Amino acid sequence: MMFVNLRTGAIRLAAAAALAMQMSVAHCEEVSVTIDNFTFAPAQLTVKVGSTVTWTNRDDIPHTVVSAGQFRSKALDTDDKYSFTFTNAGDYKYFCSLHPHMVGTIKVE
Ligand SMILES: [Cu+2]
């Protein structure tokens, strides 16, 4: 039920963003990364400045999303989400602080 509500909210947000794009030069995106089987998927992602990336933990054990000096989630339990909005261009390497072999990159341009 909660998942359905979140989806509806995301669709409304996307519709609002689409409207905003027609009225300005903003290029916002909502992008999802899934954490499953000790892997960030997709591990490499390119987004536009202003985009919000949301990570969702689909594993049965906690994970975190950490980019040194940039952002740091709390431990995410199953189905927990963490979002970060990228306002500056650059390559953001991140990892799970509980399992440092889990790595990913967000390229913001
Ligand atoms: Cu982990």
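Okay, so let's go over this structure. (Residues numbered from 1 in each chain as written. Predicted model: local features only at pLDDT ≥ 70, side-chain atom pairs only at ≥ 80, totals over all residues. Heavy atoms only, no water.)

Regarding the coordination of the copper ion
Phase 1: Coordination of the copper ion by the protein comes from His63 (ND1), Cys96 (SG) and His99 (ND1), over a distance range of 1.9 to 2.2 Å.
Phase 2: Between consecutive donor residues of the copper ion, the sequence gaps follow H-x32-C-x2-H. Of this pair, histidine 63 sits in the loop between strand S4 (52-57) and strand S5 (66-67) while cysteine 96 sits in strand S8 (residues 90-96), and the two are 33 residues apart along the sequence. Like histidine 63, the residue cysteine 96 is buried in the burial classification. (Donors = N, O, S within 2.8 Å, 3.2 Å for Na, K, Ca; no water. Helix = DSSP H or I, 4+ residues; strand = E, 2+ residues; numbered from the N terminus. Buried < 20%, exposed > 50% of the residue type's maximum accessible area, 1.4 Å probe, protein only.)

Regarding the nonpolar core
Phase 1: Ranked by size, the top nonpolar core spans 20 residues in total, and within it Phe40, Val53, Trp55, Val65, Phe86 and Ile106 carry the most contacts.
Phase 2: Elements supplying a minimum of two residues to this core: strand S1 (30-36), strand S3 (44-47), S4, strand S7 (81-85), S8 and strand S9 (99-108).
Phase 3: Among all residues touching tryptophan 55, those that are not within four sequence positions of it are Val33, Ile35, Phe40, Val65, Phe71, Asp80, Lys81, Tyr82, Phe84, Phe86, Tyr94 and Ile106. (Core = buried A, V, L, I, M, F, W, Y, C linked by side-chain atoms within 4.5 Å. Contact = heavy atoms within 4.5 Å.)

Here's the deal with the sheet that holds S1
Phase 1: Strand order in the open sheet made by the four strands is S2-S1-S4-S7, with mixed pairing throughout. At either margin of the open sheet sits one strand with a lone partner, and together these are strand S2 (39-41) and S7. For this sheet, the mean angle separating the axes of adjacent strands, direction not counted, is 20°.
Phase 2: Bridge analysis of S1 against S2 gives three bridges, and the strand direction is antiparallel. Looking at S2, one finds that isoleucine 35 is bridged to phenylalanine 40. (Pairing = 2+ DSSP bridges. Axes fitted to C-alpha atoms, helices over the stretch in contact; angles between N-to-C directions.)

Details of the pattern of salt bridges
Phase 1: Throughout the structure, instances matching the rule amount to three salt bridges.
Phase 2: Among the salt bridges present, the one from aspartate 79 reaches arginine 58, with a minimum N-O distance of 2.8 Å. Separated by 21 residues along the polypeptide, aspartate 79 in the loop between strand S6 (71-72) and S7 and arginine 58 in the loop between S4 and S5 bring together distant segments of the chain.
Phase 3: Judged by its relative accessible area of 37%, arginine 58 is partly exposed.
Phase 4: Ionic pairing is found between lysine 74 and aspartate 80, a salt bridge with its closest N-O pair at 3.4 Å. (Salt bridge = Lys/Arg side-chain N within 4 Å of Asp/Glu carboxyl O.)

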